[in-house]
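Coordinate inspection notes
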2 protein chains.
Amino acid sequence: MREAYREDLSSVVEDLVLMTERVVTAVHLSTRALLEADLALAEQVITDDAVLDAQHDDLEARCFVLLARQAPVAGELRTIVAAMRMVADLVRMGDLACHVAKIARLRYPTKAVPEGLVPNFELMARVAEGMVATAGRALSERNAHDAAKLADSDEEMDELRKSQFRILLGTEWPYSVEAAVDVALLGRYYERIADHAVIMASRVIYVVTGNHPAGDNWTYA
Amino acid sequence: MREAYREDLSSVVEDLVLMTERVVTAVHLSTRALLEADLALAEQVITDDAVLDAQHDDLEARCFVLLARQAPVAGELRTIVAAMRMVADLVRMGDLACHVAKIARLRYPTKAVPEGLVPNFELMARVAEGMVATAGRALSERNAHDAAKLADSDEEMDELRKSQFRILLGTEWPYSVEAAVDVALLGRYYERIADHAVIMASRVIYVVTGNHPAGDNWTYA
């Protein structure tokens, strides 16, 4: 019985890692849909999000059953509690990737992101994808050290957002108000994906070390 | 021992209700700070958020102890799991009220919201405050029926956001690009506060009925 329980618990963690990979794909594809005004790709990201929602519901239910049947303590309880949180972070990251895809769809065939901002968004997406992937790897390897590095990548994301605002609010914004609004909201979505990756990393640190990381970088955790 | 445990559990719920009241205040004051360009008030909201953060950490720890020591099942387990989620929703709502206050502070002494949008934001804030208050009341009274009504208020919020976009993206936006960006992000913050109130309501329904509410209105839950 305990054996079966351990297997259930590790399969929960494995499925969280798979969900993380699915989120990385969603962020990657929604960014391509956005920057290339690819309607089919945008629709695909939006449709595929239902899979993340289903995985969320399934994992949440399995964690609840583990709590109810096994009365876990110590490290196992930490893992289950953290898993319930991480699954919420992951489904939310998927929603945010969906929001990006929906703006791409809304503006199609026009590109929502003006030429001058494309490099900025390419970087934001790369940083966000990398952060989510790192969080997933840290979880699967129970690597608190790699998880801790995510706070640094988040500063990189903050810098990208700041440079985006400098362009947006510079003396002459050569594009439309609509473009400014889209850029501001899109930037917010990528920033939030990165925030959730940092929160997820903080949960990995908690699972592995038993302590919540301290410091401003972990404010959202 | 079980008696003490039941008291611990109800004190967790009581403190969640108190946190909800604190969030309502934060949303109210941050809106006044925003619409009246009141720097002192903005600073107060930002400072007071630390109290919500501390309550979050405290409640999270108490829920964990209840799980570890009492091996709760059925309704009690549901309550503790939901409480761990609601405390995360509440601290997030506080962060969002802080974001509103920070935009007020950033633009001071200018008002971030142009005259033409003030009525829209007053309504948004009133709806958001009302939704958070309703969620708190539904929790304290274990009233799934009132909780279910929140999905309707959320549609009201969506309508307000749409009318905001109609003004923003109408043929002539008479204000600056900076104002457009502020309005878009501020609108997003209020919308997210409302989303979290709906999520919280769905958790109340789960605690009381044992089932997660179904339907699109509860997508974020």
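Along each chain, residue indices are assigned from 1 in the same order as the chain's sequence is written. Chain letters start at A and ligand numbers start at 1, both assigned in the order the entries are written. The model is predicted, so local features are restricted to residues of pLDDT at least 70 and side-chain atom pairs to those at 80 or more, both for listing and for counting; the totals for chains, interfaces and linings are taken over all residues. As a convention, hydrogens and water are excluded, and side-chain values are obtained from all of the structure's heavy atoms.

If you look chain A up in an unreviewed UniProt entry, it shows as Phosphate-specific transport system accessory protein PhoU from Micropruina glycogenica. UniProt positions are given in the numbering used here, feature names are shortened, and annotations may be inferred rather than shown by experiment. According to the UniProt record, the Subunit (unreviewed entry) comment for chain A is "Homodimer." Taken from UniProt, the Subcellular location (unreviewed entry) comment for chain A reads in full: "Cytoplasm".

Thoughts on the nonpolar core
In summary, soluble globular proteins display a tendency toward joint burial of nonpolar side chains. We define a nonpolar core as any set of buried Ala, Val, Leu, Ile, Met, Phe, Trp, Tyr and Cys residues linked to one another through side-chain atoms lying within 4.5 Å. Burial classification: accessible surface area is computed with a 1.4 Å probe over protein chains only, and a residue below 20% of its type maximum counts as buried, one above 50% as exposed, and the rest as partly exposed. Ranked by size, the top nonpolar core spans 166 residues in total, and within it A:Leu34, A:Phe121, A:Tyr190, B:Leu34, B:Phe121 and B:Tyr190 carry the most contacts. Here, two residues are considered to be in contact whenever any of their heavy atoms come within 4.5 Å of each other. Excluding anything up to four places from it in sequence, A:Tyr190 contacts A:Val27, A:Thr31, A:Leu34, A:Val100, A:Phe121, A:Met124, A:Ala125, A:Ala128 and A:Met157.

Digging into the state of the cysteines
Disulfides are covalent bonds that link the sulfur atoms of two cysteine residues. Any two cysteine sulfur atoms lying within 2.5 Å of each other are counted as a disulfide. Under the criterion given, the structure shown has zero disulfides over all chains. Here B:Cys63 is not disulfide-linked; the sulfur of A:Cys63 is the nearest cysteine sulfur, at 16 Å. Judged by its relative accessible area of 1%, B:Cys63 is buried.

Describing the interface of chain B and chain A
If you look at the interface, chain B gives 36 residues, while chain A gives 36 residues. Defined in terms of a 1.4 Å probe, buried area is the accessible area two parts forfeit on being brought together, summed over both. Together chain B and chain A conceal approximately 2,800 Å² of surface at their shared face, both sides included; 67% is due to carbon and sulfur atoms. Salt bridges are identified by distance alone: a Lys or Arg side-chain nitrogen within 4 Å of an Asp or Glu carboxyl oxygen. Residue A:Arg85 pairs with B:Glu60 through a salt bridge whose shortest N-O separation is 2.9 Å. Each polar contact in these results corresponds to two N or O atoms within 3.5 Å; when the atoms are within protein, one needs to be able to donate a hydrogen and the other to accept it, and residues that are neighboring in sequence are counted only if both atoms are side-chain atoms. Our count for the contact surface shared by chain B and chain A stands at two residue pairs in polar contact (both at pLDDT 80 or more).

Let's talk about unusual backbone geometry
The general pattern is negative phi for most residues beyond glycine and trans for most peptide bonds. Residue and element names in this part refer to chain A. Of note, the amide linkage connecting Tyr 108 to Pro 109 takes the cis form, showing an omega dihedral of 5 degrees. Here a strand is any run of E in DSSP of at least two residues, a helix any run of H or I of at least four, and the numbering for each starts at the N terminus. You can see Pro 109 is positioned in the loop between α3 (74-107) and α4 (118-140). For Ala 37, which is not glycine, the phi dihedral falls at a positive 45 degrees. Looking at the secondary structure, you find Ala 37 in the loop between α1 (2-35) and α2 (39-70).

Things to note about the relation of the copies chain B and chain A
Superposing chain B onto chain A requires a rotation of 180 degrees together with a translation of 0.0 Å along the rotation axis, leaving an RMSD of 0.0 Å. Put plainly, the chains are arranged around a two-fold axis. Of all interface residues in chain B, 100% are interface residues in chain A too; the two copies therefore contact each other through one and the same surface. To superpose the copies, least squares is applied to the C-alpha atoms of every residue with a pLDDT of at least 70 in both.

Considering the packing of α2(A) against helix α3 (residues 74-107) of chain B
α3(B) packs onto α2(A) with a crossing angle of 130 degrees between their chain directions and a minimal axis gap of 11 Å. Classed by the angle they form, the pair α2(A) and α3(B) counts as oblique. For the element pair α2(A) and α3(B), the recorded crossing hand is right-handed. On α3(B), the residues that touch A:Glu60, A:Phe64, A:Leu67 and A:Ala68 of α2(A) are B:Ala74, B:Leu77, B:Arg78, B:Val81 and B:Arg85. To obtain each axis, a line is fitted to C-alpha atoms, and for helices this fit is confined to the stretch in contact; angles are then taken between N-to-C directions over 0 to 180 degrees. Put simply, angles under 35 degrees are roughly parallel, angles over 145 are roughly antiparallel, angles from 65 to 115 are roughly perpendicular, and the rest are oblique. Crossing handedness is defined as follows: a turn of the near helix away from the far one that is anticlockwise and smaller than a right angle gives a left-handed crossing, while the clockwise case is right-handed.

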